[in-house]
Each structure stands twice: as C-alpha cells, then as structure tokens.
Amino acid sequence: MKKIAFVTGATSGIGEAIARALAPEYALIICGRRVKRLKSLADELSKITDVRTLSFDVSDAQAVNEAVNSLPTEWQNIQVLVNNAGNAHGRAPIHEGDLEDWDAMIDGNLKGLLYVTRAISPGMVERKSGDIINIGSIAGKEVYPDGNVYCASKFGVDAATNGMRMDLNPYGIRVIGVHPGLVETEFSMVRFKGDEDKSESVYKGITPLYAEDIAETVKFVVGRPPHVTIADITIFPTAQASSTIVNRQS
Ligand code: NDP
Ligand code: 8X3
C-alpha cells in the first residue's frame, strides 16, 4: 500500500480538495460527520487509491479515539495528518456572542485538532516519521472586528502548531501551519447559518482563493524532501492584503 494520509473535514471545501490532490500518491483515510458525502468521495477516489472513511465529530475526544483505534493494523501507519476540520459559527461583537457558537469553534477548531493529533502522533513518534499539517487561518495571525472567538480558536491553532513542532522535533516529524485568507467554500454558509446573501458578500468583487489552491499548497509542502520543513505559510487571494484590506471591484 502507498503511504497513508489522514484528512479531517474531507466532506467539503478545502479538505475534500486536499483528499483529491493527495490521492495519486497516498492511500487515504477521509473523515467528516456527513457519511453520505464521505461515501461518495470514497467511491470516486477508490478508482485511484485505497480509501477508508471514518465518521466522527472531532470535538468528541472519545469518538476520536474510537475512530482511530478502529483502524486495522495496516492502516495505522499514518504518514501525513491533515488537521483541516473546522468552521466559523456566527460573526458578532463580543457582548452579543452566542455561547453555543463559541463552544462549537473552540471545541471543533482547537480542541478537535488537539484530540486528533493526540490520537495519531504517538504512532509517528514511535516510527520517528510523519507530517502534521494544521490548517489555521489568517484569522489566527491577525484579529478582525466581530471575529473575536473564531480568531481566538485560530490563534490557538497557530500556537499549538508551533508548540507541536518543538515537541516533535526530536522525532523528525514535520509540523506545518497553512494559513489561508478568503477561500470560497461552504465556510461562509456555515458561518452565516445558510444566509446566502451574507455568504456571497464575503467573496463579492474579488477572485477568492479556491479550495484547490490550498490543496496544491498542502501537496507541495508534504512533497518537499525530508530535510525541508515549510513551517508556516500564509496564502491570500491577490485581492487581499490583510484580514481587513480587500480590494473589491464593484
Ligand atoms: P467547509 O465548511 O467547506 O468545510 C469544513 C469541513 O470541516 C467539513 O468537511 C466539515 O465536515 C468539517 N468539520 C467541521 N466541524 C467538524 C467537526 N466538529 N467534526 C468533524 N468535522 C468537522 O469549510 P472550509 O473547507 O473552508 O474549511 C476547512 C478549514 O479551513 C477550516 O478549519 C477553516 O477554519 C479553514 N479556513 C477556511 C477559510 C475560508 O475562507 N474558507 C480560510 C482560512 C481557513 P462535516 O460537516 O461533514 O463534519
Ligand atoms: C477564514 C478566513 O477571514 O473569514 O478563516 O476569517 S476569515
């Protein structure tokens, strides 16, 4: 079997594109909560590579452990972990924030990434080999108004990424932070709870990044020779200069 890549959040957007991009070179474990979508992607990609699906909520530590432990022995040698699952939920000033949204972001984006890493990294340490790619965000590099808790979750991802790189350094494990700006996926529909107008306005007047742009980057960083770690990479659409500076054509 080929080397194995484990991709969280593969049921849409960036994670789905990453699974497609890695399929020619890796056997895949694709993860997400939406089982139908996982199955349909697995059907497609199994024409190219070996595929397994795991459906679990990353914010449920027990479910994460059960899912990882359910892998047959030959699927346990995970070479590449892509911690991509996550979303923004709502966008509001701090005094109006919804506590359920806050929990979903801290639990999913930050604690979920930690739970999955905790379950998979011991095998990498034992084998002294592995790549961990954490999908952060420009929101983890600079805050923006009403982004408070989503930004906090992604600043947490950035800090955890840098900490993991230190802890796993003795074992030759590469830890890579990939931080996109505006990527047109289902992200804004989730953030704005299905409000199409609000969602479309995020990408209005610009050519945004597409999920494939981030997937190509992930393929590039894992494809570097073993002595090279691309530790941290921020990717903007050309129309974007920061979280708040976006050159929109009306
Ligand atoms: P999508 O909404 O298209 O995809 C999100 C993915 O994450 C889905 O596959 C979803 O699967 C999965 N997911 C979300 N929460 C959980 C959970 N609790 N447990 C398991 N899986 C979960 O958005 P994107 O592809 O854009 O987002 C992917 C990552 O990229 C996120 O971490 C996001 O923060 C980050 N990002 C996105 C940017 C953008 O502009 N789009 C920019 C910067 C970073 P399912 O619902 O089936 O469980
Ligand atoms: C997603 C990018 O700017 O919507 O992480 O926070 S942004």
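Structure report, in brief. In this text, all values refer to a predicted model and were calculated from it rather than measured experimentally.

Considering the overall build of the protein chain
Assigned secondary structure in the protein chain consists of eight helices and nine strands. Relative to its length of 250 residues, the protein chain is compact, with a C-alpha radius of gyration of 17 Å against a globular reference of 18 Å. Along the three orthogonal principal directions, the C-alpha set of the protein chain runs to about 50 × 40 × 35 Å. Looking at the protein chain as a whole, 48% of its 250 residues are labelled buried. Entry remark: accessible area of the protein chain is about 12000 Å², with carbon and sulfur atoms responsible for 51%. Measuring between centres, the 26 positive side-chain charges of the protein chain sit 5 Å from its 31 negative side-chain charges.

Quick look at the pattern of salt bridges
Side-chain pairs of opposite charge can arise whenever the charged atoms involved come near each other. Scanning the model with the defined rule gives 10 salt bridges in all. We note a salt bridge from Asp 43 to Lys 39, for which the minimum N-O separation is 3.1 Å. Residue Asp 43 and its partner Lys 39 are located together in helix 2 (residues 35-45), separated by four residues, close to a single helical turn. Judged by its relative accessible area of 39%, Asp 43 is partly exposed. Of the charged contacts in the structure, one is a salt bridge between Asp 101 and Lys 193, with a shortest N-O distance of 2.8 Å. On the criterion of sequence distance, the pair formed by Asp 101 in helix 4 (residues 99-127) and Lys 193 in the loop between helix 6 (187-191) and helix 7 (196-201) is long-range, its members being 92 residues apart.

Details of the side chain of Asp 131
Relative to the helices and strands, Asp 131 resides in strand 5 (residues 131-135). Note on Asp 131: relative accessible area 4%, which makes it buried. Only 2.8 Å separates the side chain of Asp 131 from the side chain of Arg 174, close enough to count as a polar contact. The contact partners of Asp 131, leaving out residues within four places of it in the chain, are Gln 79, Val 80, Leu 81, Met 124, Arg 174 and Val 222.

Section: the pairing of strand 1 (residues 3-7)
Among the five residues in strand 1, four count as buried, and that is most of the element. The pairing of strand 1 with strand 2 (residues 26-32) spans five bridges and is parallel. Bridge pairing in strand 2 links Lys 3 to Tyr 26. Note on the crossover from strand 1 through helix 1 (residues 13-22) to strand 2: the handedness is right-handed. Relative to strand 4 (residues 78-83), strand 1 runs parallel, the two sharing four bridges. Looking at the pairing, Ala 5 lines up with Val 80 of strand 4.

Re the packing of helix 3 (residues 61-69) against helix 4
Between helix 3 and helix 4, the shortest axis-to-axis distance is 9 Å and the interhelical angle comes to 30°. The two elements helix 3 and helix 4 meet at a crossing, and its hand is right-handed. Within the contact between the two elements, helix 3 uses Ala 61, Val 64, Asn 65 and Val 68 and helix 4 uses Tyr 115, Val 116, Ala 119 and Ile 120.

A look at the site of ligand 2
Every residue close to ligand 2 is listed here: Ser 137, Ala 139, Tyr 144, Tyr 150, Phe 187 and Arg 191. Within the side chain of Ser 137, one N or O atom sits 2.5 Å away from an oxygen atom of ligand 2. Separating an oxygen atom of ligand 2 from a side-chain N or O atom of Tyr 144 is a distance of 2.6 Å. In isolation ligand 2 has 240 Å² of accessible area, and contact with the protein removes 88% of it. Classifying every residue of the shell around ligand 2 gives four nonpolar, one polar and one charged.

Conventions adopted
- By convention here, each chain's residues receive numbers from 1 onward along its written sequence.
- Both sets of labels track the order of writing: A upward for chains, 1 upward for ligands.
- For a predicted model such as this one, the threshold for reporting local features is a pLDDT of at least 70, and the threshold for listing and counting side-chain atom pairs is 80 or more; totals across whole chains, interfaces and linings nevertheless cover every residue.
- Values shown for side chains rest on all heavy atoms present in the structure; no hydrogens or waters enter the calculation.
- Where helices and strands are cited, they refer to DSSP runs of H or I of at least four residues and of E of at least two residues respectively, numbered from the N terminus.
- For this measure, only C-alpha atoms enter the radius of gyration; the expected value for a globule follows 2.2 Å times N^0.38, where N is the number of residues.
- Accessible area is worked out with a 1.4 Å probe on protein chains only. A residue is then buried under 20% of its type maximum, exposed over 50%, and partly exposed in between.
- Surface accessibility follows the Shrake-Rupley procedure with a 1.4 Å probe radius. Residue values consider only the protein chains on display as shielding.
- Neither His nor the chain termini are counted; the positive set is Lys and Arg, and the negative set is Asp and Glu.
- Lysine's charge is taken at NZ, arginine's at CZ, aspartate's at CG and glutamate's at CD.
- Definition used for salt bridges: Asp or Glu carboxyl oxygen within 4 Å of a side-chain nitrogen of Lys or Arg.
- Distance and chemistry together define a polar contact, namely a pair of N or O atoms within 3.5 Å, with one atom able to donate a hydrogen and the other to accept it when in protein, and with adjacent residues in sequence counting only for side-chain atoms on both sides.
- By definition in these notes, contact holds between two residues if any of their heavy atoms fall within 4.5 Å.
- For two strands to count as paired, DSSP must find a minimum of two bridges between them.
- Note on handedness: a crossover is taken as right-handed if, strands pointing away from the viewer, the path from the first strand over the helix to the second is clockwise.
- Whenever a helix is involved, its axis is fitted only over the stretch in contact; in every case the axis is a line through C-alpha atoms, and angles between N-to-C directions fall within 0 to 180 degrees.
- With the far helix as reference, a near helix turned anticlockwise by less than a right angle produces a left-handed crossing, and one turned clockwise produces a right-handed crossing.
- One heavy atom suffices: a residue is near a molecule or strand as soon as one of its heavy atoms comes within 4 Å of it.
- Ten residue types, Ala, Val, Leu, Ile, Met, Phe, Trp, Tyr, Cys and Pro, are classed as nonpolar, four, Asp, Glu, Lys and Arg, as charged, and the remainder, Gly among them, as polar.

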